[in-house]
Amino acid sequence: PFLAGESGDRHLLASVFSVVWKGWILIEQAGTHGFATNSDDGSTLKIDGKSVVENGGMHGLSRANGEIALERGLHEIEIAYAQYGCYCVMQAFWTPPNHAERPLPKDILFAARPQAWELFLRAALRRGMPIMIALNVLYFLALGAWGGALAAQQHVPFMRMARNIRFALQKAFQ
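About the thresholds
- Numbering of residues begins from 1 in every chain and follows the order in which that chain's sequence is written.
- Owing to the predicted nature of the model, reporting of local features is limited to residues with pLDDT of at least 70; listing and counting of side-chain atom pairs is limited to 80 or more, with chain, interface and lining totals taken over all residues.
- Heavy atoms throughout the structure, all of them, feed into the side-chain values; hydrogens and water do not.
- Note: two strands are recorded as paired if DSSP finds a minimum of 2 bridges between them.
- The helix and strand labels rest on DSSP assignments: H or I over at least four residues marks a helix, E over at least two residues marks a strand, and numbering proceeds from the N terminus.
- For this analysis, residues touch if any pair of their heavy atoms sits within 4.5 Å.
- In this analysis an axis means a line fitted to C-alpha atoms, helices contributing only their contacting stretch, and an angle means the value between N-to-C directions, from 0 to 180 degrees.
- Whenever a nitrogen or oxygen atom comes within 3.5 Å of another N or O atom, the pair is scored as a polar contact, on the condition that within protein one atom can donate a hydrogen and the other can accept it, and that pairs from neighbouring residues in sequence are kept only if both atoms are in side chains.
- When two rings of Phe, Tyr or Trp (its six-membered ring) have centres within 6.5 Å they constitute a pair, described as stacked for plane angles under 30 degrees, edge-to-face for angles over 60, and tilted for the intermediate range.
- Note on exposure labels: buried denotes an accessible area under 20% of the residue type's maximum, exposed denotes more than 50%, and partly exposed covers the range between, all computed with a 1.4 Å probe on protein chains only.
- Put simply, a charge is over a ring when the Lys NZ or the Arg CZ is close to the ring centre, within 6 Å, and near the line of the ring normal, within 35 degrees.

A. Summary view of the sheet that holds strand β10 (residues 109–110). Read across the sheet, five strands follow the order β5-β4-β7-β2-β10 without closing on themselves; strand pairing throughout is antiparallel. Of all strands in the sheet, those bounded by a partner on one side alone are β5 (50–55) and β10. Relative to β5, strand β4 (residues 43–47) runs antiparallel, the two sharing five bridges. Directly across from Lys-46, in β5, lies its bridge partner Ser-51. Of the strands in this sheet, β2 (16–27), β7 (73–84) and β10 are in contact with helix α1 (residues 116–126), which crosses β2 at around 70°.

B. A look at the environment of His-33. With respect to the helices and strands, the residue His-33 is situated in strand β3 (residues 31–40). If we ignore the near neighbours within four places in the chain, the residues touching His-33 are Ile-27, Gly-66, Glu-67, Ile-68, Leu-70, Trp-94, Thr-95, Pro-96 and Pro-97. Within the structure, the side chain of His-33 is placed 2.8 Å from the backbone oxygen of Gln-29, a separation counted as a polar contact. Within the local environment of His-33, its side chain forms a polar contact with the side chain of Trp-94, the two groups lying 3.1 Å apart.

C. View of the packing of aromatic side chains. Scanning the model with the defined rule gives one aromatic pair in all. Aromatic pair Phe-17 and Tyr-81: ring centres 5.8 Å apart, planes at 65°, arrangement edge-to-face. In this pair, Phe-17 is assigned in strand β2 and Tyr-81 in strand β7, connecting sequence segments 64 residues apart. The exposure class of Phe-17 is partly exposed, given its relative accessible area of 21%. Lying over the aromatic face of Phe-93, Arg-63 brings its terminal NZ or CZ to 5.0 Å of the ring centre. Geometry around Trp-24 places Arg-113 over its ring, the cationic atom sitting 4.7 Å from the centre.

And the structure:
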């Protein structure tokens, strides 16, 4: 379950419960990232096992913030929430470097660690690369040793294609 795109305001049949969301967050810009939870009752947020937001305990609606320096790439994320009765709210927010705060977006969250090809495809499409070009790049990268053998023989069509793939990758990750 992801927390993005929802108000966080829910009425459940159980009045006492807890939940822990574990997964991966994709950070595309290195720097200091802000995180916050707004919860009734307690919540915590950890990145790579480090506590970033501590909003624990029994309390009414309460907000807590924290910051952490992150490099580009995948990081483990864990959000815990405990409800001790009555009204329940759980919201998570993210402030990337030089941007405004927003609800933690689901498009950067993964339940399982994504494969490199998934990340490439996501980045290529987000940067406007047509889907067929992105899929062809992945296809030719998957050729591996066969492609290496053609390159070693100076196979002209393959060399031209490899140059175009290299250009597409450079453009996609600028």
